[in-house]
Amino acid sequence: MSTPERGPETAPYTAHLLVVCHGLWGTRSHIAYICKSALEHTSNATSPKSRPRSGSIGTQDEDVRLVVLPASLNENTLTYDGIDLCAERVVEEIDLEVKRIAEDGGTVKRFSIVGYSLGGLVARYALGLLESRTPSFFAEVRPVNFTTFASPAIGIPKYDGFWSDALAWLGSRMLSRSGSQLYGTDRFLPSSLIDGNNQPEKPNGTLSRLSFKKEKAEPLLAVMADPQYSFFRALVAFERVEIYANSVNDRTVPYPTGAIEAHDPFSLARARAKKAAAARGDDPDVEPDIALGGLEIKLDSTGLLIESYRKIDPPPALEKSTATPRRRFKLSLPLLLRPTTYPFSRPLSLLIIVLLPVALPLSIIFLIGRFLIAGHSSQRRIRQLRVGLGGGRTGMLERVGVRLREVAETVQPDNPEHAGSLGNGGLGEDEGGSPGKEEREPVRRHPSFAAFANYGGTETPPLARAVSPNPEDFDPEVTGEEGTPFQTDPILSPAQVTMIKNLNSIPQLRKHLAYMPLVRNSHGSIVARDLSYAAHRDGTKVVDAWAKEFVL
C-alpha cells in the first residue's frame, strides 16, 4: 500500500517509509485502519513535517510522499516463531520495498514504524537489525515516528493467583519461541557467550542431567531495553516515540506492560469502585463509575483518550435507612453464564450459553490441539530459518550488534560493576537504579541523538513521563471481602523493573492512554482491528488522533 504510482514516468521524489506490524495471530486486515488513517491524514498540506537534523539529507520543504508498508510475512501462526525471527522477515520486506521505491524513482530518506501488540516488540527488534548494519540504515535515513499500540513492552506480567501462574506456564510453552520471549523464560544472551564465549558442557547420564543447572542468561526483552545495545540506541534516535495503551479492559496486554508502568491506578480504582457499588446493591453487570474508587478521569475531545487523571476522595457512602429494608433475592451468575460477557446481541449470547456444556470442552480440546500442531510447525520453521541465516546463535547476536568479544571485554575482573550486573538481567545500573554513565554514552554518541537535542524532549505534555501516581498515594493495601488485599499490581521481576526505568528514560517518550470502560476487551478496539464489531469502531478515534500528529 503506497501513495506513488509505479511507472518509469514518475518524477524523482523523497519517500517517507512507514512500516506497520500486526500482532500475534495477526493479519494485514488487523492494521488496515492504521494504514488508511495515516495515508488520509498525511495527504493534508497542513500535516506536521519532520524537522531537518544535522547530517540528514534533504530539507523540510522538499516534496515528501508517504509510502505505507503493512508487513505481511508474519501472518497467523508464523508469529509463533519468535520476536527476533519475525523481525528478520519484516526487515526483508523493508529491503524489498526500499528497492521497489528506488526502481520507481524515489529515495527513502525518512522512516517510521508502528507496532500493534506483539508487533511493537517485533518493530523494536527490527530497529536493532537496521541500526547494526555497516553503515547503519539510519546513517542516511531520518528516523521520525516510532509508535506502539497496546504492545507488551516488558512482556506479559504475572499477577498473584492460580490463573495467572497457569496461563504463564501454558503461554510460555504453547506459543513456541514467541511465548517464551513474552513471558521472559527465553535465554537470548547466555552468560557463557559473554564471559569467554564458552558453552558449558552438559553432563552425561540421566541423574547428572537432572541435577544440571542451566547457566544464567538474559531474556530478549531485557536486552532490547538495555541502553548499551542497538535496539535502544535506534529507538532513542527517533524524533517521536509514542506509546498508546489501554488503561482498562485490555485482557491481552494489561496497562502496566502496555504503558510501561509498575503501578496500575486504574485497576485499583475499579476494584474499589466495584466494592462500593456492591455494598450499595448496584447491578454487578453494570460498570460502576471509577470515581467511586477515588480516581477522577478527564478525557480529551475524542472522548476516549485520557487528558489527565488524579486521585480524589470517593463519594461518601449512602446512609443506611432506619427502616427495615425489604430483602430481595438476587441471583449472581458465573461470568460465563452472563449474556453481558459476550460481545454479541442478547439472543446470540443466550444461544452460546445454552450450548456451553458441549461447546466449551470441545473448544478446549480444539485449542490445545491447534496450539500443539502450530507449535511443532513453528519449531521446524525456526530451525530452517536459523540455518538459512547462518552463524548459529553467535550470528544472530552479531546481526543486532551484540559482538561477543566487545561485550566480553567489559566483563573482566577490573570491571566488577558490569560483571555484577549480569546477575540482575545484565542491565548495568548506578546506585539510583538508572542506567549508568557508561551505558548512556553510546546513546548520546549516536548521530541522530545529537541532532535530536533541540527537538523539545523537555517540553512534553504531562503524560509523557511515567504517569502513574506513587502507589503509596493510592493505599494499595485497601482490603476487599474478608480482608483480602486487592491484587491489582503485577509481580515484576528485577529485569522488568529495570526495563521500566530504562524505557521511561527516553526523553521524547509520550504516553497516550485510552479509556474504554464499557468494552469487554479493549485490546482490538484501540486499533479498530475489525470494523464489523461496534466496540472496535470507536477505536478509529484513537487511530485518527495518532495520524493527525504523525510527522511527515
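Residues numbered from 1 in each chain as written. Predicted model: local features only at pLDDT ≥ 70, side-chain atom pairs only at ≥ 80, totals over all residues. Heavy atoms only, no water.

## Some points on helix H12 (residues 346-389)
Here H12 contains 44 residues, and its C-alpha end-to-end distance of 52 Å is more than 12% below the 64 Å for a straight helix at 1.5 Å per residue. Leu 356 marks where H12 bends most, by close to 75 degrees; the proline Pro 357 follows one to four residues later. When we look at burial in H12, the residues that qualify are Ser 349, Ile 353, Leu 356, Ala 374, Gly 375, Ser 377, Ser 378, Arg 381 and Ile 382. Close packing links the buried residues of H12 with helix H2 (83-103) and helix H5 (176-182). Positive backbone phi, approximately 80 degrees, marks Gly 390, located one or two places after H12. (Helix = DSSP H or I, 4+ residues; strand = E, 2+ residues; numbered from the N terminus. Expected span 1.5 Å × (residues − 1). Bend = angle between axes of the 7 residues up to and from the residue. Buried < 20%, exposed > 50% of the residue type's maximum accessible area, 1.4 Å probe, protein only. Contact = heavy atoms within 4.5 Å.)

## Remarks on the pairing of strand S7 (residues 240-246)
Counting buried residues along S7, seven of its seven residues qualify, which places the element largely inside the surrounding structure. Side chains Arg 240, Glu 242, Tyr 244 and Asn 246 of S7 all project onto a buried face; the interleaved residues Val 241, Ile 243 and Ala 245 project onto the opposite face, where all are buried too. Here strand S4 (residues 142-149) runs beside S7; their pairing, made up of five bridges, is parallel. The partner of Phe 149 across the bridge, within S7, is Tyr 244. Summarising the sheet, S7 and strand S10 (residues 509-514) pair through six bridges and their orientation is parallel. What sits directly across from Glu 242, in S10, is Arg 510. (Pairing = 2+ DSSP bridges.)

## Quick notes on a nonpolar patch on the surface
A surface patch of nonpolar side chains, about 440 Å² in accessible area, is lined by Leu 336, Leu 360, Ile 364, Ile 368 and Leu 372. For Ile 364, a relative accessible area of 44% translates into the label partly exposed. (Patch = residues over 30% accessible without salt bridge, like charges linked within 9 Å, V, L, I, M, F, W, Y side chains within 5 Å. Areas by Shrake-Rupley, 256 points an atom, 1.4 Å probe, with all protein chains shown as cover. Salt bridge = Lys/Arg side-chain N within 4 Å of Asp/Glu carboxyl O.)

## Some words on the nonpolar core
Membership of the largest hydrophobic core comes to 66 residues, with the highest contact counts inside it found for Leu 17, Val 19, Phe 111, Ile 113, Tyr 125 and Leu 127. Sorting elements by how many residues they give to this core places helix H3 (residues 118-131) first, with nine residues. Among the nonpolar cores identified, the runner-up in size contains 31 residues, and Ile 31, Val 527, Val 543 and Phe 550 belong to it. (Core = buried A, V, L, I, M, F, W, Y, C linked by side-chain atoms within 4.5 Å.)

## Re unusual backbone geometry
Cis geometry marks the peptide bond from Thr 134 to Pro 135, where omega comes out at -5 degrees. Relative to the elements of secondary structure, Pro 135 occurs in the loop between H3 and S4. Despite not being glycine, Ala 150 has its phi angle at roughly 50 degrees, a positive value.

## Comments concerning the confidence of the model for the chain
Of all residues in the chain, 72% have pLDDT values of 70 or greater, and the mean over the chain is 78. Highest mean pLDDT in the chain belongs to S4 (98); lowest belongs to helix H17 (residues 447-452) (36). Confidence drops under pLDDT 50 across residues 53-61; counting only partners more than four residues distant or on other chains, this segment forms 21 contacts. Contacts from residues 319-325, a stretch scored under 50 in pLDDT, to residues over four places away or in other chains number zero contacts. (pLDDT = per-residue confidence, 0-100.)

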